[in-house]
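Architecture and fold: a report
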Amino acid sequence: PFPNHSSFELGEWYIEAGSQLSLASLQNLVELAQRPGFSEQVSQANWPKIFNSLGGDGDVLSDPTGDANGDWIDEAGWKQTPVSIPVPIGGLAEARVVGTLFHRSIVSILREKISNSPDAELFHFDPFEVHWQPDLESPPQRVYSELYNSDAFMKAHRELQDSPQPAGCHLPRVVVGLMFWSDGTHVSAFSSEKLWPLYMCFGNESKYRRCKTASELCHHVAYFDELSADFKDYIARRNKGKMPADPFMAHCRMEMFHAQWHILQDDELLDAMENGVVIMCQDGKERRFYIRIFTYSADYPEKVLIATIKQRGDCPCPRCLVKKTELDQLGTPEDMLRREQTMRRDNEVRRVTVSKAREKIMPSDGKGVVVGNRDVQALLQPQSLQAVMNSFSVRTAAADPQFDIFSAVVIDQMHEFELGVWKELFLHLMRILAASVTGEALVNEFDRRFRLVPIFGRGIRRFSTNVSQIKRKAARDYEDLLQCCMPVFEALLPNTGYGQAMISLIAICARWHALAKLRMHTDDTLQMLEEATTELGSQFRSFVRDVCEHIATRELPAEAAEREEREKRQAEKKAAAVSEKATKKARKTVKMNISRVKFHFLGDYVKTIRRFGTTDLYSTELGELMHRSPKRWYRRSSKRNPRKEVVRHERRVARIRKLRNELRSRNKVDPKIVEEQKLGAKAADIHHFIGTNQNTPVSLNSFRVPSPDCSTFVPNLQKHLLPRVVPHTERQHLERVTAEGLEFIRPELGPVQLDWSSVYPKGWRIFSHKIIRIKYTTYDVRRREDVIHIGSDVCNVMIANPAYADDQTLPPYRYARVLGIYHADVSYTGEVFPGVRCLQPTRLEFVWVRWYIINQPKDDMVPLESVSFPPVDSPESTAFLHPNTILRAAHLIPRFHKGRVYEDGQGRSHMARDAYDWNEYYVNQFVDRDMFMRYQMGMAVGH
Ligand SMILES: [Zn+2]
């Protein structure tokens, strides 16, 4: 629809930028405007018409074949379909339209993906297992990572290949693995307007690409509708003005959800499951694609809807029939066995039970009973079922007999642990602090310590001033709290026994969390997770029994305020008369409760990872990430029919991308891409990067000051550089370090002495840098970097301890603080051997560090290494390092209760920056998954 190239680019800019323009988008605009001919071209464009044609208009929206004007050959458009459910009223079922579903055809999304998407070559047609053999002696291990490496996918693939070919068809058959996410979301913090999108990804594509460009690999499939306000009015009218009861509304809501999924699982999709769909691939070959649903991620209330079970029923788990009273038994042998034996199955028995219950509610003779009727409940209660036909059971399971909705409803680390079990525990620990005699002072100290926790790259951000205030924290915030709170809690509580119990519980939580979130698992790490789960369960139970029972904990002030607010709102809703009761000020007693379904879920992790792959594949975090787009689009809509405008905007974005891709393939070489590629290639293979500029020269004469570390700076530097500066060709034989320098032997000349004082940096100066980027390979075999910045929080590094190779009881790493990053052009001015000099300077990079020493033996229960600085004047205090020896940045958190070295903040050495030193630090091995795996020796594939 665009008249010319500039208009297209301006349109693309407008759509991608959303309603809130960032600085970057502004700069983009300025760049665009400077193109020759830009303003003339753009002024010719008819913008309203262009955007209308990009997004389709109202009539076209209901027409699945796309725009009427024929500009688009795009079948993946949006449809709107009325949603009708049987309402059990007046003793029988009354069909009623209760809303509209906005949706796209799943099969057409697949067609579009295979035949048109620019990255189709990265779509895996065949699944495969990955094995890892660390060395020749050890047996190979299975590696769990992607869905297309998983048991579930392999099984589906084998079953498909073993099944008979359709008559007359010899095409290769491919399993397409679908993964769904759905999550109702408020469009903004201050609005009651909700959007309820359904997203879909293909498990045949790598998760690593998905998290980078989620918006292109994750597809918007539907926007669900909810029961509207008029529905309640309608029921009330039919019920002589009486408002409908809660069980009735819950029933209708679930009925409506499955009615919408019924629409999504259309005949076309079922046919693609049963008989496959033939698509011409971009390599010019035809293949027959069979759709399989693998996972469906949602938080607990939506899981209940998907599995058609009763929320807070006697059997609240969507995967097994665990009783409410057994939820706290996580990790016991009986518990693990029970999960297997009472696994929910979508079998004939279940379907018949539900049908019978429905027959009672909505019989054809008009003598139906109410939804909450006792006879009906007696039927459903043993499995906490609901009298709703599960659309997955009716549709997908009919086309693919292997499919079982209960096993597709997967675990969800973010809601279950970070925002579930761990959040609960954290709040309770706050309550325990507050319940102490000196409660207020403790909470104050707690907040102060958290403010002092250093940041760490992208992993740990600065903590808010008052961590103990529980205001709208996201999963990420709770994750940061878990990773850093052990040193903060140390020696905080006056009762050391309780304090100790707290720390061991946090330690196992941190360990479990690190393991559960690994992006790459092996059989060994899964074994570790299994053991951690058992320990987590038993530690939680003993914590509740031995600690929580003895402390009278109350609501936190913020919690009490929130509850009062809630009660007030409810009271206002009901009647003004009861508001008297809601305004009592006392904070209620709260006990730690682990009889919760989220706690129970933690026992399903190992099994699910074995089956579908690691938790990041199906984490609801992806859904949250995806939500950004519809929320942004919503803000730009006129709010009259938000869903319609949002889906139209979704099309605009998709179509603009498609045009861009076409342009790219037309122009073949996009200069921007080439540049990025160059940068990427440059970044990936090197070990580290230090700038090359010479803006900050440092004269070595400036170190001639009498200060403990300065006097040794130059000689130490020369000693460090000596072996690096003499060309290797000249040093053919074993060398020996002597007091003067280096001695080595040339067979024809005998021993040769090299003197360190002859090492000469050109101009007697070195060049200082602020930043060094350390590149490394992570445990899951990706390239990452840590940016070390002098004088900031991120200036600590870890180095392999050379002695560890011989003695594995020693600590594996050494730690140091980087004081300076330098390069210099260095030459050796003495004779390399009699009569020969090589004065050509070499560019050498080096970092100057202050060592930490590891404190042994450990004197406490915190399972982290503790380190300290040796005195600044001791000769081993500082050293020079080759940047290649640095493994990663390290995250060190002060041992707060041990205090600072100089309480007055007056250090002894300006160079060593020791004024704010603490007496001891903890090395935080939980700071990220890669760091955690560095302490699990021999377990990480990438290390
Ligand atoms: Zn269960």
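Not measured: the values here are computed from a predicted model. (Residues numbered from 1 in each chain as written. Predicted model: local features only at pLDDT ≥ 70, side-chain atom pairs only at ≥ 80, totals over all residues. Heavy atoms only, no water.)

Remarks on the overall build of the protein
- Summing up its helical and strand segments, the protein has 33 helices and 30 strands in all.
- Out of the 943 residues belonging to the protein, those deemed buried represent 53%.
- Taking all contacts inside the protein whose residues are at least 6 apart in sequence as the whole, residues at least 24 apart take part in 70%.
- Carbon and sulfur atoms provide 52% of the accessible area of the protein, an area that totals close to 43700 Å². (Helix = DSSP H or I, 4+ residues; strand = E, 2+ residues; numbered from the N terminus. Buried < 20%, exposed > 50% of the residue type's maximum accessible area, 1.4 Å probe, protein only. Contact = heavy atoms within 4.5 Å. Areas by Shrake-Rupley, 256 points an atom, 1.4 Å probe, with all protein chains shown as cover.)

Quick word on the sheet that holds strand S30 (residues 921-923)
- Taken together, the 4 strands give an open sheet; going across it, the order is S25-S26-S30-S29, and neighbouring strands pair in antiparallel fashion. Looking at strand neighbours, the two that pair on one side only are strand S25 (853-854) and strand S29 (892-894), the edges of this open sheet.
- Sheet topology places S29 next to S30; 3 bridges connect them, and they run antiparallel. If you follow Pro894 over to S30, its bridge partner there is Tyr921. (Pairing = 2+ DSSP bridges.)

Structural notes on the sheet that holds strand S2 (residues 92-104)
- One open sheet holds the 7 strands; their spatial order is S1-S2-S9-S8-S5-S11-S10, and the pairing between them is mixed. In this open sheet, the two edge strands, each paired with only one partner strand, are strand S1 (78-89) and strand S10 (277-280). Within this sheet the neighbouring strands show an average axis-to-axis angle of 35 degrees, counted without direction.
- Pairing of strand S5 (residues 173-182) with strand S8 (residues 197-202), which is carried by 5 bridges, proceeds in the antiparallel orientation. Bridged to Phe180 within S8 is Met200.
- On top of the sheet, helix H7 (residues 151-162) reaches S5 and strand S11 (286-297); it is set at about 140 degrees to S5, its chief contact. (Axes fitted to C-alpha atoms, helices over the stretch in contact; angles between N-to-C directions.)

What about the pairing of strand S27 (residues 878-881)?
- Going residue by residue along S27, you find Thr878 and Phe880 tucked away on one face and Ala879 and Leu881 tucked away on the opposite face as well.
- Summarising the sheet, strand S24 (residues 842-851) and S27 pair through 4 bridges and their orientation is antiparallel. When the sheet's bridge partners are listed, Arg850 is paired in S27 with Thr878.

Section: the coordination of the zinc ion
- Coordination of the zinc ion by the protein involves Cys317 (SG), Cys320 (SG) and His600 (NE2), with metal-donor separations of 2.0 to 2.3 Å.
- Motif for the zinc ion, donor spacing along one chain: C-x2-C-x279-H. In this pair, Cys317 is assigned in the loop between helix H13 (300-306) and helix H14 (333-341) and His600 in helix H27 (residues 597-601), connecting sequence segments 283 residues apart. The residues Cys317 and His600 share a single accessibility class, namely buried. (Donors = N, O, S within 2.8 Å, 3.2 Å for Na, K, Ca; no water.)

Points about unusual backbone geometry
- Phi at Arg312 takes a positive value of approximately 55 degrees, unusual for a residue other than glycine.
- Inspection of the secondary structure assignment puts Arg312 in the loop between H13 and H14.
- The phi dihedral of Trp764 is positive, around 55 degrees, even though this residue is not glycine.
- Mapped onto the elements, Trp764 comes out in the loop between strand S18 (759-761) and strand S19 (765-769).

Thoughts on the pairing of S2
- Where S1 and S2 come together, 12 bridges link them in antiparallel fashion. Each bridged residue has a counterpart across the sheet, and for Thr81 the counterpart in S2 is Leu101.
- Hairpin connection from S1 to S2: 2 residues lie between these consecutive antiparallel strands, with Gly90 at a positive phi of about 60 degrees.
- Pairing between S2 and strand S9 (residues 218-223): 2 bridges, direction antiparallel. Looking at the pairing, Phe102 lines up with Tyr223 of S9.

Focus on the nonpolar core
- Residues Phe446, Phe450, Phe489 and Phe540 are the most contacted members of the largest nonpolar core, which totals 130 residues.
- At 12 residues, helix H23 (residues 496-516) tops the list of elements feeding residues into this core.
- Ile89, Ala222, Leu305 and Ala387 belong to the second-largest nonpolar core, a separate cluster that totals 78 residues. (Core = buried A, V, L, I, M, F, W, Y, C linked by side-chain atoms within 4.5 Å.)

Looking at the confidence of the model for the protein
- Counting all residues, the mean pLDDT for the protein is 84, and 88% of those residues have values of 70 or more.
- When the criterion is pLDDT under 50, residues 57-75 qualifies, and its contacts beyond four places in sequence or with other chains add up to 37 contacts.
- For residues 576-584, every residue scores under 50 in pLDDT, and the model assigns this stretch 7 contacts once sequence neighbours within four places are set aside. (pLDDT = per-residue confidence, 0-100.)

Observations concerning the packing of helix H24 (residues 523-546) against helix H28 (residues 605-612)
- Contact pair H24 / H28: the axes reach a minimum separation of 9 Å and the direction vectors enclose 160 degrees. Between H24 and H28, the crossing angle belongs to the class labelled roughly antiparallel. In contact with Asp523, Leu526, Leu529 and Glu530 of H24, H28 contributes Tyr605, Val606, Ile609 and Arg610.
- Of the residues contributing to the contact of H24 with H28, the split by class is 5 nonpolar, no polar and 3 charged. (Parallel < 35°, antiparallel > 145°, perpendicular 65-115°, else oblique. Nonpolar A, V, L, I, M, F, W, Y, C, P; charged D, E, K, R; others polar.)

Some details on the packing of aromatic side chains
- In the structure shown here, the tally under the stated rule is 40 aromatic pairs.
- Through a chain of ring-to-ring contacts, the aromatic side chains of Phe180, Trp196, Phe224, Phe257, Trp261, Tyr296, Phe392 and Phe403 assemble into a single cluster.
- Geometry around Trp196 places Lys194 over its ring, the cationic atom sitting 6.0 Å from the centre.
- We note Arg850 situated over the ring of Phe869; from NZ or CZ to the ring centre the distance is 3.7 Å. (Phe/Tyr/Trp six-rings, centres within 6.5 Å; stacked < 30°, edge-to-face > 60°. Lys NZ or Arg CZ within 6 Å of the ring centre and 35° of its normal.)

Some thoughts on the side chain of Ser866
- Counting through the fold element by element, Ser866 comes out in strand S26 (residues 866-868).
- Of the polar contacts made by the side chain of Ser866, one reaches the side chain of Glu920; its length is 3.3 Å.
- Setting aside residues up to four positions removed in sequence, Ser866 forms contacts with Ile853, Ile854, Asn855, Arg895, Glu920, Tyr921 and Tyr922. (Polar contact = N/O pair within 3.5 Å; in protein donor to acceptor, adjacent residues only side chain to side chain.)

A word on the state of the cysteines
- The tally for this structure, following the rule as stated, stands at 0 disulfides.
- Cys218 forms no disulfide, and the closest cysteine sulfur to it belongs to Cys201, at a distance of 3.3 Å.
- Using a relative accessible area of 3% as the deciding quantity, one classes Cys218 as buried. (Disulfide = S-S within 2.5 Å.)

Here's the deal with the environment of Pro247
- Within the secondary structure, Pro247 is located in helix H11 (residues 246-264).
- Classification of Pro247 as partly exposed rests on a relative accessible area of 44%.
- In this structure the C-alpha to C-alpha distance between Pro247 and Asn373, which are 126 residues apart in sequence, comes to 9.9 Å.

Quick notes on the environment of Asn701
- Among the secondary structure elements, Asn701 is positioned in the loop between strand S14 (697-699) and helix H32 (713-725).
- The class for Asn701 is partly exposed, based on a relative accessible area of 38%.
- Through-space distance from the C-alpha of Asn701 to that of Val714 is 8.9 Å; in sequence the pair is 13 residues apart.
- Here Trp764 takes part through its side chain, which lies 3.2 Å from a polar atom of the side chain of Asn701.

Topic: the side chain of Gln260
- Following the sequence through the fold, Gln260 ends up in helix H11.
- Residues contacting Gln260, with those up to four places away along its chain left out, are Val83, Leu101, Phe224 and Asp225.

Remarks on the environment of Thr692
- Topologically, Thr692 is positioned in the loop between strand S13 (688-690) and S14.
- Spatially, the C-alpha atoms of Thr692 and Ser768 are 9.9 Å apart, while their sequence positions differ by 76 residues.
- In contact with Thr692, other than residues within four places in its own chain, are His769, His823 and Arg843.

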